[in-house]
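So you can see what is in the structure, the chains are spelled out below.
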Amino acid sequence: MSDILIVDDERDIRELVSDILEDEGFTTRLAGNSDDCMSEINAEPPALLILDIWLKDSRMDGIDILKTVKRDNPDVPVVIISGHGNIEIAVAAIKQGAYDFIEKPFNIDQLLVVIRRAMETSRLRRENNSLKRREVTSAEMIGNSASFRGLVGQLDKVTKSNGRVMLTGPAGSGKEVAARYIHTNSNRASAPFVSVSCASIEPERVEEVLFGRESLERGVEPGLLEEAHGGVIFFDEVADMPSGTQSKILRVLVDQQFQRVGGNDKVRVDLRVISSTTKNLEEEIAAGRFRQELFHRLNVVPIDVPSLEDRREDIPVLAEYFIGVLNDTQGLPPRALSEEAIALMQTMIWPGNVRQLKNLIERVLILGDSSGPIEARELPNEDEADAQEGRVVLSGALATLPLREAREAFEREYLLTQINRFGGNISRTASFVGMERSALHRKLKSLGVVTSNKAGARVAHVEDETAEAAE
């Protein structure tokens, strides 16, 4: 990026500077007054601005333009030039954010050195800010199941657009990872990704955090919306946004501009918005807790992120991935997973979804042996305290049934679990449980177990449950 805007009321000077810079490989634009200058900046911010302090027949002088540019485009370095320069003007310009100050008549070599240093400093600042914004949350999508492939297929369709996306799904299912995947594979990948945790920000501070603030004591303090300029802002748990802030965010989505708290000037932003929620927003609207207009603005492309229960096939590959990540980031031992441990994890209940699985793997690697595969005995078992070696602990409900009914209930739950563990694949289930496929089909029919599509995958359930859900 080498586009330089030269602003000077003397035509000969701006054309001379332009010729010199173009000979050095830069591209230039020219402006002779403040109106032309702001028009050029609003059309496309330059990589660097060379700005004369005194502009004849202009509404704004150089200092006014400098203030506006550093407010709306803080990443653009500004080099001030003036034929009437003195130490007071230089100090005022530097205080307002100018990179450097050069007096006319200037030395060409000096000007080129200042320009190159200013652009390099700006580049390093952008890279540094980008690195700071990169949180530990990965954008890598891990899985092989049908429901996972369906999710990735939907995400791939929205990466190249600027359409607003609403990600729904249970807590811990990976909605932020999906949002980062969209950003990483979009045309805005080199721009910021800013995550806003709507549930964790104190309600009285939400507007300052989002919009920033201006005060005489502390000057301009940019908010998260400004930090996300040019990139993506992710509203995590958007249903928890205060109702007063909802109306202001709606206005930002319409106008692409806002005012900082305590300020009067409009701040222009270019944003792509991705939101997530674990709640039913239509129910929130009916209860008066969420604005319907905001819902329609955010819910342009709704995408459901499946729970871990709906993608049990992915548990082994996710667990292996987390083992590798924890080895790289924390130096925890890179242990393998035993077949028994994998089988147990695929049958466990995961209310915390993928996040819970990651936490479990981290705990096992910290507390377990430093070598050898992870065994099933190292995994948590709710009935462990009541169990004796070689015995199966019955639930209270199962223990009260006659033998035949208890056997049927156990077989039904056992086969439901195994079929869902293998993603609805009857052949793999039959092989694991040690039955012929035809015999397994007969057993499933006698137990009232059927399979159907859910989130792009085959899921087993009791036939009566489907009938009840349809009623």
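What counts, and at which threshold
Residues numbered from 1 in each chain as written. Predicted model: local features only at pLDDT ≥ 70, side-chain atom pairs only at ≥ 80, totals over all residues. Heavy atoms only, no water. Pairing = 2+ DSSP bridges. Helix = DSSP H or I, 4+ residues; strand = E, 2+ residues; numbered from the N terminus. Axes fitted to C-alpha atoms, helices over the stretch in contact; angles between N-to-C directions. Salt bridge = Lys/Arg side-chain N within 4 Å of Asp/Glu carboxyl O. Buried < 20%, exposed > 50% of the residue type's maximum accessible area, 1.4 Å probe, protein only. Contact = heavy atoms within 4.5 Å.

Engineer: Please provide a residue-by-residue account of the pairing of strand 6 (residues 165-168), values included.
Structural biologist: Two elements, strand 6 and strand 13 (residues 272-277), share 4 bridges in a ladder whose sense is parallel. Within the sheet, the bridge partner assigned to Met 166 lies in strand 13 and is Ser 275. When strand 6 meets strand 14 (residues 301-304), the two strands line up parallel, connected through 4 bridges. Bridge assignment links Val 165 to a residue of strand 14, and that residue is Val 301.

Engineer: How would you sum up the sheet that holds strand 10 (residues 232-236)? Please name residues and give values.
Structural biologist: Spatially, 5 strands are ordered 7-10-13-6-14 in an open sheet, and the strand pairing comes out parallel. Strand pairing shows two members of the sheet lacking a second neighbour, strand 7 (193-197) and strand 14, which therefore form its edges. Put simply, the sheet's adjacent strands are angled 20° from each other on average, direction ignored.

Engineer: Got a sec to walk through the pattern of salt bridges? Specific residues and values, please.
Structural biologist: Across all of its chains, the model carries 24 salt bridges by this definition. Between Arg 260 and Glu 214 there is a salt bridge; the shortest N-O distance is 2.7 Å. One end of the pair, Arg 260, is in the loop between strand 11 (257-259) and strand 12 (266-268); the other, Glu 214, is in strand 8 (residues 213-215), with 46 residues separating them in the sequence.

Engineer: Can you lay out the environment of Gln 346 for me, pointing to particular residues and giving the numbers?
Structural biologist: Inspection of the secondary structure puts Gln 346 in helix 14 (residues 339-347). Note on Gln 346: relative accessible area 5%, which makes it buried. Along the sequence, Gln 346 and Asn 420 sit 74 residues apart, while their C-alpha atoms lie 8.7 Å from each other. For Gln 346, the residues in contact, after removing those within four places along its chain, are Arg 312, Glu 313, Ile 315, Pro 316 and Arg 421.

What is shown is where atoms sit, not what they do.
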